[in-house]
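# Examining the three-dimensional arrangement
Each chain, written out:
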Amino acid sequence: MRIGGLQKISAIDYPGRVGCVVFTVGCNYHCPYCHNPDLVRPKGPDFMSEADFFAFLSERTHFLDGVSITGGEPCLQPDLADFCAKIKEMGFLVKLDTNGSLPGVTAGLIKKHLVDYIAMDVKTAPERYEPLAGPGLSPDTLVQSIDLIKNSGLPCEFRTTCVRPFVDEAAVHRIADLVAGAPLYVLQHCGKERMLDPEFFDQDPVIGAEEMERFKNIAQNRVERCIIR
Ligand code: SF4
């Protein structure tokens, strides 16, 4: 497991739990607004070894409920299942954050009961992903991931970082159709600090509070709970 960062404690990342957040190195998308450019395009050595991470974790069995695995894109790591299994053997819950590009990996984790909570980013309508993920990602793959996670029986959430030009009312309508019935849909504000490719934007990417409320009005009747964060 390539580890690019560790947040030792978080009371908000794993809903209802206190956990740590481990960041994996590498991503197959290149969202220009990505706030973790050092993970997506790593320049130096990894932040810590897997052995050091488990040493950290073994000292926290009484303080932490779970581990959130985020990225980058964790599903790119070939030993992700083993990593989750080790965490679970120590008695922790596992939350996976994914961009939805690798439903086969997510399905494997679900099948083996190696994950307890899944959060998937739905960045825009699946048909509009090319500037974010390149031409190789099929919209069907994203729809497959959404359906898989929604029907997994696990607690889950879908999240959209609201950034112009990727997210508008049409995109939110499409996403709301896809995530309909989900327990939680989160519309996230985007800040301008630390972007992967700020030159990409020829207009202000930040979407204001009024427009975010309009997005919420579109989505909130399709899911159990819709929040702006
Ligand atoms: S925002 Fe997420 S999916 Fe996009 S490049 Fe960054 S880590 Fe990858």
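Our structure's up above, just so we're on the same page.
Residues numbered from 1 in each chain as written. Predicted model: local features only at pLDDT ≥ 70, side-chain atom pairs only at ≥ 80, totals over all residues. Heavy atoms only, no water.

### Considerations on the packing of aromatic side chains
Taken as a whole and assessed by the stated rule, the structure comprises nine aromatic pairs. Considering the side-chain rings of Phe53 and Phe54, the 5.3 Å spacing of their centres and the 70 degrees angle between planes classify their relative orientation as edge-to-face. For Phe54, a relative accessible area of 12% gives the class buried. For the ring pair Phe200 and Phe201, a centre distance of 5.2 Å and an interplane angle of 80 degrees mean the geometry is edge-to-face. The class of Phe201 is buried, set by a relative accessible area of 13%. (Phe/Tyr/Trp six-rings, centres within 6.5 Å; stacked < 30°, edge-to-face > 60°. Buried < 20%, exposed > 50% of the residue type's maximum accessible area, 1.4 Å probe, protein only.)

### Digging into unusual backbone geometry
Residue Gly71 is joined to Gly72 through a cis peptide bond whose omega torsion reads 5 degrees. One can find Gly72 in the loop between β3 (66-70) and α3 (80-89). Cis geometry marks the peptide bond from Arg164 to Pro165; its omega dihedral reads 10 degrees. Turning to its location among the elements, Pro165 is positioned in the loop between β6 (156-161) and α7 (169-179). Positioned with a positive phi, His113 is a non-glycine residue whose angle comes to about 60 degrees. Tracing the backbone shows His113 in the loop between α4 (103-111) and β5 (117-121). (Helix = DSSP H or I, 4+ residues; strand = E, 2+ residues; numbered from the N terminus.)

### Regarding the nonpolar core
Of all hydrophobic cores here, the largest spans 64 residues; its most connected members are Phe53, Leu57, Ile87 and Phe158. The biggest single contributor to this core is α7, with five residues. Here Leu57 is in contact with Cys20, Leu64, Val67, Ile87, Met90 and Phe92, once residues within four sequence places are set aside. (Core = buried A, V, L, I, M, F, W, Y, C linked by side-chain atoms within 4.5 Å. Contact = heavy atoms within 4.5 Å.)

### A short note on helix α8 (residues 209-219)
Among all positions of α8, only Glu211, Met212, Phe215, Ile218 and Ala219 are buried. Projection of α8 onto a plane perpendicular to its axis shows the buried side chains occupying an angular sector of 110 degrees, all on one side. Seen from the open side of α8, the exposed residues pointing more than 90 degrees away from its buried face are Ala209 and Glu210. Looking at the buried positions of α8, the neighbouring elements they touch are α7, β7 (185-188) and β8 (226-228). (Arc of directions from axis to C-beta.)

### Thoughts on the layout of surface pockets
In this structure, the largest pocket occupies an estimated 960 Å³ of space. Every residue lining the largest pocket is counted, 33 residues in all, and those nearest its centre are Asn36, Thr70, Asp121, Arg159 and Gln188. Only β1 (3-10), β2 (19-24), β4 (93-98) and β6 provide two or more residues apiece to the lining of the largest pocket. Taken together, the residues of the lining of the largest pocket sort by class into eleven nonpolar, 13 polar and nine charged. (1 Å grid on protein atoms, 1.4 Å probe; cavity = no way out; pocket = protein on both sides within 12 Å on 5 of 7 lines; lining within 4 Å. Points joined across faces, edges and corners; volume = space filled by probe spheres on them. Nonpolar A, V, L, I, M, F, W, Y, C, P; charged D, E, K, R; others polar.)

### Some points on the packing of α7 against α8
At a minimum axis distance of 9 Å, the contact between α7 and α8 shows a crossing angle of 30 degrees. Considering the angle they form, α7 stands roughly parallel to α8. With respect to the hand of their crossing, α7 and α8 are arranged in right-handed fashion. Taking contact as the criterion, the partners of Glu169, Val172, His173 and Ala176 in α7 are, on α8, Arg214, Phe215, Ile218 and Ala219. Classifying every residue of the contact of α7 with α8 gives five nonpolar, one polar and two charged. (Axes fitted to C-alpha atoms, helices over the stretch in contact; angles between N-to-C directions. Parallel < 35°, antiparallel > 145°, perpendicular 65-115°, else oblique. Left-handed = near helix turned anticlockwise from the far one by under 90°.)

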